[in-house]
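Spelled out, the chains give:
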Amino acid sequence: MSTQVETSKGLRDILLFNVADSLCGIDVLTIQEVRKDFEITPVPLAPDYVSGVMNLRGEIATVFNLALKLGLTSDREMKQSKVIVLKNHAGEFEGLLVDDIADVMQIGDGDINNSPGHMTSIRAEFVEGICRQDEDLVALLNLGAIFAKG
Amino acid sequence: MSTTDESILKEFLAEALDHLEGIEDSLLQIEADGANIDEELVNKVFRAVHTIKGGAGFLNLQKISQVCHTQENILNLVRNRKLVPTNPITTTLLITLDTIKGLLSDISLEATADVSADLERLNQILAAAEGLSEYSPTSSGGVSQNGNSSADLKNVVGSEVLESWQRKGNWVFQFRLDFADPKTYGYTNGESLLSVLEKTGTILACTLDLQELRTKISAGNSSDSAVELLFATILEPDLFRQMLRLPANEIHHVVTQVLAGAMKFASTPVVVAPVVVVPQQTVREAPPAEVAVHNNAEPTDKIKVSLSVIDNLMALAGELVLARNQLIQSVTTKDLEAIDRSARQLNFITSELQMNIMSTRMQPVGNIFNKFRRVVRDMGQKLGKQVQLVIVGEEVELDKNIIEAIGDPLTHIVRNSMDHGLETVEAREAVGKNAVGTIQLVARHEAGMVVLEVSDDGAGIDPMRVKKKAIEKAVITAQVAENMTEKELLNLVFLPGFSTADKVTDISGRGVGMDVVRTTFAKLGGSVDISSAVHKGTTLQVRLPLTLAIIPALMVRAAEMVFAVPQVNLQELVRIPPDQVKKRINRVGDAVFLRLRDDLLPLLSIRDVLKIVSYYTDPETGKKQVDSRAQFWDRRKSDSEVSQEIRDQRLNPGDRRTRMSGSIKIAVVTTGHIRFGIVVDGFLDTEEVVLKPLGSHLKECRFYAGATILGDGRPALIFDISGLAERWLNIATIQDARESIQKKESKNMQDLQALIILKGGGEQFYAAPLGLITRIEQVEASRIEKVGEKLHMQYRNAIMPLYTVDGVANVLPLPEQEYYYVVLFKIQGKEVGLMVSEIVDTVETKANIDQNAYHQRGIMGTSIIDNRTTFVLDLYGIAIGQSPELDQKTEESTAVLAAIETKVLVVDDSVFFRTQIQKFVEDAGFKTVTAEDGQLALDLLRSGEHQISMILTDIEMPNMDGLEFTRNARTLPEYKDIPIMAITSLMGSDAEKRGLEAGVNEYQIKLDREKIIERLRFYHKVK
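Here the structure is a predicted model, which is why all the values come from computation and not from measurement. All residue numbers here refer to positions counted from 1 along the written sequence of the relevant chain. Here chains are named by letter from A upward and ligands by number from 1 upward, in the order in which they appear as written. Only residues with pLDDT of at least 70 get local features here, since the model is predicted, and only at 80 or more are side-chain atom pairs given and counted; chain-wide, interface and lining totals rely on the full set of residues. In computing side-chain properties, one takes all heavy atoms of the structure into account and sets aside hydrogens as well as water.

Asks: What's the story with the overall build of chain B in this structure? I'm lost.
Replies: Only DSSP runs of H or I with at least four residues qualify as helices, and only runs of E with at least two residues qualify as strands; both kinds are numbered from the N terminus onward. Counting secondary structure elements, chain B contains 32 helices and 40 strands. The buried label goes to any residue with under 20% of its type's maximum accessible area, the exposed label to any with over 50%, and the partly exposed label to all in between, with areas taken from a 1.4 Å probe on protein chains only. Scored against the burial criterion, the 1023 residues of chain B give a buried share of 48%. Accessible surface, chain B: about 50900 Å² in total, of which carbon and sulfur atoms supply 51%. Areas reported here follow the Shrake-Rupley algorithm with a probe of radius 1.4 Å; residue values treat only the protein chains shown as occluding.

So, in C-alpha cells, the structure goes:
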C-alpha cells in the first residue's frame, strides 16, 4: 500500500512549535531558518513586544517576543530557546522567539477549521485557523497580523 | 521580441538617454550664446541627435526618428549660421526633446504615439527659415545649347518628379561643378568626378546636355565645362558635401528628405543673410512639460567609473590576495608575530578597499545641479521673472544614492524660490534691486559632511508672517511663539501642514511640503536649516553625510550596554571630577546643564532617558540587585566636602554603596543647530562601524540611526543625535532654564574680589587685593638688607623698603628660607615690597570678610578662602605702620579738610567695603555718609539731608546698580556735575567704557586707598 504523495495544491508543510503552553504552527515556506544559538540585544524604549535585535550573519534581525504579542502567559518560566527567522516583503529579517520546536506536519486545506475564538488562549486576530495533531490543537498563526505595526 | 533584440533595444535606450542628457545642457548654452554660434557645440548636439535618429531608424522606431530628423534640419541651419537659436526656437527644441525622452522611457508607447504637434512646430521653424535659403548663384553660364538655365532646372524637371524622388527618401541638390578643374573637388579627372556622381545618385537636370558633357570630358576639353546640376541622392547633405568638397553655401537643397508629413519645396533662390526666425504662434503654446529633475529619466542600474579607480581596485585586490596568503601561512605556523603583521596589513587594505569601492559610487553633484538650469529657465519664462542660476562647487562628490534622492527636495526648494522668493522685474526694480534675480546652488565639504545651499536674493521670508500663519494653523500656541527667536520662527516652515503661500500654485504646492523636504534629508542622515532676511533673500542649507553606510563612531557604555555615537556629531569629551560636580553641573527643574567654558550645555543622561536598569551583585547575598543610584548630578555635599571625602577615602576604601560614584563622563555632541552633552558611564574606542538599518518596527525610535555588529558579534545600537535632541530636548524649556541660571550667576558675580593668596610665617595664609599689586619678584635671602629694624633691598638701581606682616601685626615671623617672594605695590608713587614666604594662588571670591574677628593694624579682617582662614591684608596700613613718614596727612591739609562741611557719599552693598572705605576716607580727613545700594543712595541725594560733594560708588549692587544710579543722579539738577568715582575690584576697559558712558568721572580700585584719597583731595582742591 503506497502512501499517495499529493503534490497537488492544498497540501502544506507546517512547522509546529511551543509558545507558553500553546502549540502553534506556521507554513514552512515562510521560514528562513531556525536558530538555537542566539543572543538578543535589548533595544531600550522599543515597543514591548520587541525583545531586541540579533546578529543574523551580519544583518540585524528584529526579534519579537511571540508570547507577549499573542497575549499568552505561563505559570512556568518560559524556555524561549529558539528563534524562528522569517524575511518580510521589505527584505528585513524578523525573528519569533519561541519556547521550543515540536514537529513538522503536513496538512491539507480540508484539515483547517476556522477558529471560533475561544478554542485557544491566543487572541483571535492572530489565528488563521485550527487543526489537529493527534490529540492536540494546533493554532495556525496569521503572520500578517502578528507583524503588523502597532 | 527575441532576447537579442531586447538587449539591443535596452542598449539603445540607455545610450539614447545618455545622449539626451548632454543635449539639454548644450542647447541652453547655445541659446545663451545667441548669434555668437559655437559651431563645435552645435555639431556636438547635431551628432547626438543624429546618433539617436540612426538607432531609432534601425530599430524601426519611426516616431522618434521623424522628430530627430526634423530637429537635425534645424540644427543644421544653426550650425551653418543660417539660423540664430532664439528663445522660442530653443524652447521648441527642448520640448520636442522631452517628447523623445518620454517615448524612450516607455518604448511600448512609441508606435502609437502622436508626434504630429511636435513635428508641426519644428517644421514651422524650418519653413520660416528656409523661405530664405542659402544658395547664391555664381556667375554661371547662361543658357547653353540643349542645356537649361540654372533657374529653369527645377522647372524643367517638374514638381511631380521632384515629389516622387522625395517620397523615395532622396535629397535633391542643385549646385555648380566645373569639370575643367576636377581637382578642386578632390578628383583626378573629370571622368572620376562624373562617375562618382553617377554612382551615388541620379543627375536630374543639367545646364549642359549630359552627352555633350561626357564627350567634353573624355576629350579633355576643358572649355566651358562649368555646369549647374540638379542631382537626386540618398546621401545626406554633409556627406554629399564631403564627397565633393563643396562648401555648404554652394549647395542648394531643392528638396529636403522627409520621411513622412508635408513636403517642403524651396522657392526661387535668393541671396540672404542669416535670419532670425520667429515661428508663428498659431499653435497654442503648450506649457513647458513639468520636468521632474531626476538624475536619469529612469534610474538605470549602470554607473560610470573612472579607469583610475578600477586600476586602484585591481592593485588592492592583488595586495589583498598577498595578505591573505601571508595570514594563512602564519596561522599554520602559529607564528604570532606574523599573524599580528598580517592582521594589520589586512586592516589597512580593507580600509583602502572600502574607500575605493565607495568612491565608485560617488558622482559629482553637478550632475543634478545642472538639471536646474532648465527648471530655472522654464519657470522664469512661465512666471515672467528673470532669473539666473549660479552654480558653485559642482565637482563636489556625493554617493549616487544620495544624489538620486536629493533631486526631488531640491526641486521643491528651487521652485519655491522661483515662485515665492524671487520677485517680478517690476517689483525688484521698485526696491532698487537688479532686474535679474539670482539663485545660487552651492556645494562644499565641511567637517565630514557635504553642505548644499540654495540661496536667492529675493523677497526673503518674514518671521512675523510665519509666526502668524503658524498660530493661525494651530501649529504652535501664541505663548510659545512669543518666546521664539527669529531663527526658530523661520524653522517653523518645516512643520507639516504649513504653507505661507496665499494661493497654492501648481508649480510648488503639489502636496510636497517643506516637511517632506526635511524628512527626506533626515532619512539620508542629514539636516536642513533655513535663514532669511526680508527683502534680501533666503538661504536653505542642507548638511549631508558623505557616505551612507560606514561611519566612524565613538563607542560608549551606559550601564552594561554599548552604544555608538557618530563621530560626525561629536565635538569633545569631558570628564568632571567628583569635586567639581556641584560647581559645573547646574540644575533647574528637570533640566540639567554643564558649564563648559563660556557655555551652558543641556545634558541628557543615557541611562535615564533610555531607562536602562543596571545591576550589580550584592557582595553579601551574591544576588543581582537593581542599582538605584541617585541622579548623576545630585550631590548633597558641596564640592569641597567631596574633595575632603576623596582624600579621606584614599586612606579608607569603604564599601561600594558609600564610595563616591566617581567622575562624570560627558560626550559633547551637536546636531549642527543644538549643542548638548550626553552623560555616559564610560568611553570606549573609536571605531568605523557599518550602519545597518533597524527593522520597520523600530522606526519609531528616531533616536537610533541604526545598529552595527561589534567585533564580538553582538549588535550595538547607533545613536541618531538629532533624534535624541528632538525627543528629549525641549528648546523652550532649555532656554528658560538657561536664562534663570545666567541670571543667578550674574547676581553671584557681584562683589567678586580678585585676591592674591600668600603664605607667611607659621603656615598662615594672607590675601591682598590683586588690583593693587604691580609685580611679584623672587628674591634670594642674601639680597635683603637690614638697617636697624627696617628691611630693604636694592631694586632697579634704587633702594626699596621691604615690609613684613609681622612687622605691624601680631603674627609669626617668616621662616628662614633661601628665597623669599616680594609683592610690590605703590605708596605715594613709590614702589615698595611686602615679603612673604610663598605665593599660593589668585582667586576671585565673594568677599565675605569678617572684620570683627581679628582686627589689627595691617589686617582688615579674615575670610575663609578654600577652606582656610585667611587674613586680608591692608597694604597701606602695613606700609604706614613700618614707615610712618609716608602718611599723607599734613597739618595744613587737616585744617583745610576740617573746614569742609560737605560729605563724601560712599555707596557699596558690602558692609566690609563700606566700612573700610569709609574708614580711610575719614582717616584722610573727609566727612562721609554711606548707602547700601543705588536706590538708597538716590533717595539720600533727593532728600537733601546731607550736602554731598562727591560720590564713591560700587557698580554691582542689588536694586539699583552703580551705573543706573549714576545716570539717575546726573538727572538731578544739583548733582549733575558732581564728581562720581566708580570703585571696582579689578579694572577692565569694557566696564570702564560703560561707566564713562553712564556719567562716571573715573574708575578706581576699591582698596587702592592712596589713589582714592589722592583723587578726593584733587576734587576738593586740597593739597
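Asks: Before we go on, may I ask you to explain the overall build of chain A in this structure?
Replies: Along the backbone of chain A there are two helices and ten strands. When the helices and strands of chain A are listed from N to C terminus, the series reads β-β-β-β-β-α-β-β-β-β-β-α. By definition in these notes, contact holds between two residues if any of their heavy atoms fall within 4.5 Å. Taking all contacts inside chain A whose residues are at least 6 apart in sequence as the whole, residues at least 24 apart take part in 54%. For chain A, the exposed surface amounts to about 8100 Å²; the carbon and sulfur share of it is 46%.

Asks: Looking at this structure, how should I read the nonpolar core?
Replies: Side chains that are nonpolar tend, in soluble globular proteins, to be buried together. Definition of nonpolar core: a set of buried residues of the types Ala, Val, Leu, Ile, Met, Phe, Trp, Tyr and Cys, connected through side-chain atoms within 4.5 Å. Of all hydrophobic cores here, the largest spans 67 residues; its most connected members are Phe17(A), Leu96(A), Phe563(B) and Tyr704(B). What Tyr704(B) contacts, discounting residues up to four positions off in sequence, is Val43(A), Pro44(A), Phe563(B), Leu610(B), Leu694(B), Leu717(B), Ile718(B), Phe719(B) and Asp720(B). One finds Val376(B), Ala443(B), Phe494(B) and Leu540(B) within the second-largest nonpolar core, a separate group that totals 44 residues.

Asks: What is the right way to read the packing of helix H15 (residues 400–421) of chain B against helix H20 (residues 514–523) of chain B from this model?
Replies: To describe two helices that pack against each other, one gives the angle between their axes and the distance between the axes. All names here are of chain B. To get an axis, fit a line to the C-alpha atoms, keeping to the stretch in contact for a helix; angles then go from 0 to 180 degrees between the N-to-C directions. Between H15 and H20, the shortest axis-to-axis distance is 10 Å and the interhelical angle comes to 145°. Between H15 and H20 lies a crossing whose hand is left-handed. Packed against H15, whose contacting residues are Ala405, Ile406, Pro409, His412, Ile413 and Asn416, the element H20 presents Met514, Val517, Thr520 and Phe521 at the interface. Polarity classes work like this: nonpolar for Ala, Val, Leu, Ile, Met, Phe, Trp, Tyr, Cys and Pro, charged for Asp, Glu, Lys and Arg, and polar for all others, with Gly in that last group. For the contact of H15 with H20, the residue count by class is seven nonpolar, three polar and no charged. What makes a crossing left-handed is the near helix being turned counterclockwise from the far one by less than a right angle; a clockwise turn instead makes it right-handed.

Asks: Which parts of the structure should I look at to understand the side chain of Asn73(B)?
Replies: The residue Asn73(B) is located in helix H3 (residues 62–79) in this model. Beyond its immediate stretch of four places on either side in the chain, Asn73(B) contacts Leu126(B) and Trp171(B).

Asks: Teacher, can you tell me more about the sheet that holds strand E12 (residues 550–558) of chain B here?
Replies: In sheet architecture, strand pairing relies on hydrogen bonds along the backbone and comes in two forms, parallel and antiparallel. All names here are of chain B. In this scheme, strands are said to pair when DSSP sees at least two bridges between them. Strands sit in the order E22-E12-E13-E24-E23 across an open sheet of five strands; the sheet is mixed. If you trace the sheet from one side to the other, it starts and ends with strand E22 (682–690) and strand E23 (704–709), each paired once. The average undirected angle you get between the axes of adjacent strands in this sheet is 35°. The sheet contact formed by E12 and E22 spans seven bridges and is antiparallel. Across the sheet, the residue bridging to arginine 557 is glycine 682, located in E22.

Asks: Explain the packing of H3(B) against helix H4 (residues 87–105) of chain B to me, please; I cannot follow it from the model alone.
Replies: All names here are of chain B. H4 packs onto H3 with a crossing angle of 155° between their chain directions and a minimal axis gap of 10 Å. Our classification of the angle between H3 and H4 gives roughly antiparallel. The two elements H3 and H4 meet at a crossing, and its hand is left-handed. Between H3, through Lys63, Ile64, Val67, Cys68, Gln71, Ile74 and Leu75, and H4, the contact on the second element is made entirely by Ile89, Leu93, Thr96, Leu97, Ile100, Leu103 and Leu104. By residue class, the composition of the contact of H3 with H4 is eleven nonpolar, two polar and one charged. By the definition adopted for this analysis, an angle is roughly parallel if under 35 degrees, roughly antiparallel if over 145, roughly perpendicular if from 65 to 115, and oblique otherwise.

Asks: Explain the environment of Gly682(B) here, please?
Replies: All names here are of chain B. Relative to the elements of secondary structure, glycine 682 occurs in strand E22. The buried category is assigned to glycine 682, whose relative accessible area is 7%. Put simply, glycine 682 and valine 562 are 120 residues apart on the chain and 9.3 Å apart in space, counted from C-alpha to C-alpha. The contacts of glycine 682, once residues within four sequence positions are left out, are Val556, Arg557 and Lys665.

Asks: What should I look at first to understand the pairing of strand E8 (residues 437–446) of chain B in this one?
Replies: A regular strand places its side chains so that they alternate between the two faces of the sheet. Residue and element names in this part refer to chain B. Direction of pairing for strand E6 (residues 387–392) relative to E8: parallel, over a ladder of six bridges. Its bridge partner lying in E8, leucine 389 is registered against isoleucine 439. With eight bridges connecting them, E8 and strand E9 (residues 449–456) associate as antiparallel partners. Counterpart to alanine 443 in the pairing with E9 is leucine 452.

Asks: Please explain the interface of chain A and chain B as it appears in this structure.
Replies: Many structure descriptions define interface size as the accessible area lost when the parts assemble. Residue-level contacts link 23 residues of chain A with 24 residues of chain B. For the chain A face of the interface with chain B, the top three residues by lost area are Pro44(A), Leu45(A) and Ile60(A), together amounting to 34%. Note on definitions: salt bridges are taken to be side-chain nitrogens of Lys or Arg within 4 Å of carboxyl oxygens of Asp or Glu. Our count for the contact surface shared by chain A and chain B stands at two salt bridges. A salt bridge links Glu59(A) to Lys692(B), with the shortest nitrogen-to-oxygen separation between them at 3.3 Å. At the level of elements, strand E4 (50–56) and strand E5 (59–65) of chain A are the ones that each hand at least two residues to the side of chain A that touches chain B. When grouped by side-chain class, the residues that make up the side of chain A that touches chain B number 14 nonpolar, four polar and five charged. Defined in terms of a 1.4 Å probe, buried area is the accessible area two parts forfeit on being brought together, summed over both.

Asks: So what exactly am I meant to see when it comes to the side chain of Lys63(B) here?
Replies: Inspection of the secondary structure puts Lys63(B) in helix H3. Those residues in contact with Lys63(B), other than ones at most four positions away along the chain, are Leu103(B), Glu110(B), Ala111(B), Thr112(B), Ala113(B) and Val115(B).

Asks: I would appreciate a short explanation of helix H17 (residues 463–472) of chain B in the present structure.
Replies: For an α-helix, the turn length of 3.6 residues means that residues three or four places apart are oriented alike. Residues and elements named next belong to chain B. Considered for burial, the residues of H17 that qualify are Pro463, Val466, Lys467, Lys469 and Ala470. Buried residues of H17, viewed axially, fall in a sector of 165°; they line one side. Residues of H17 that are exposed and angled more than 90 degrees away from the buried face: Lys468 and Glu472. Buried positions along H17 lie against helix H18 (478–482) and helix H19 (486–490). Where H17 ends, the next residue or the one after it, alanine 474, has phi of about 55°, a positive value. Regarding the arc, it is the one traced by the directions from the helix axis to the C-beta atoms.

Asks: What should I look at first to understand H20(B) in this one?
Replies: All names here are of chain B. All of the buried residues in H20 are Met514, Val517, Thr520 and Phe521. Looking down the long axis of H20, one finds its buried residues gathered within 115° of arc, a one-sided arrangement. Taken together, the buried residues of H20 touch H15, strand E10 (527–533) and strand E11 (537–545).

Asks: I'm lost on a negative patch on the surface in this one. Help?
Replies: Residues and elements named next belong to chain A. Any residue with relative accessible area above 30% and no salt bridge may belong to a patch, with like charges joined within 9 Å and the nonpolar Val, Leu, Ile, Met, Phe, Trp and Tyr side chains within 5 Å. Asp and Glu count as negative and Lys and Arg as positive, but His and the ends of the chain are not part of the count. Where a charge lies is defined by one atom per residue type: Lys uses NZ, Arg uses CZ, Asp uses CG and Glu uses CD. A surface patch of negative charge is lined by Asp103, Asp134, Glu135 and Asp136. Turning to its location among the elements, aspartate 103 is positioned in strand E8 (residues 100–107). Overall, the relative accessible area of 37% leaves aspartate 103 in the partly exposed class.

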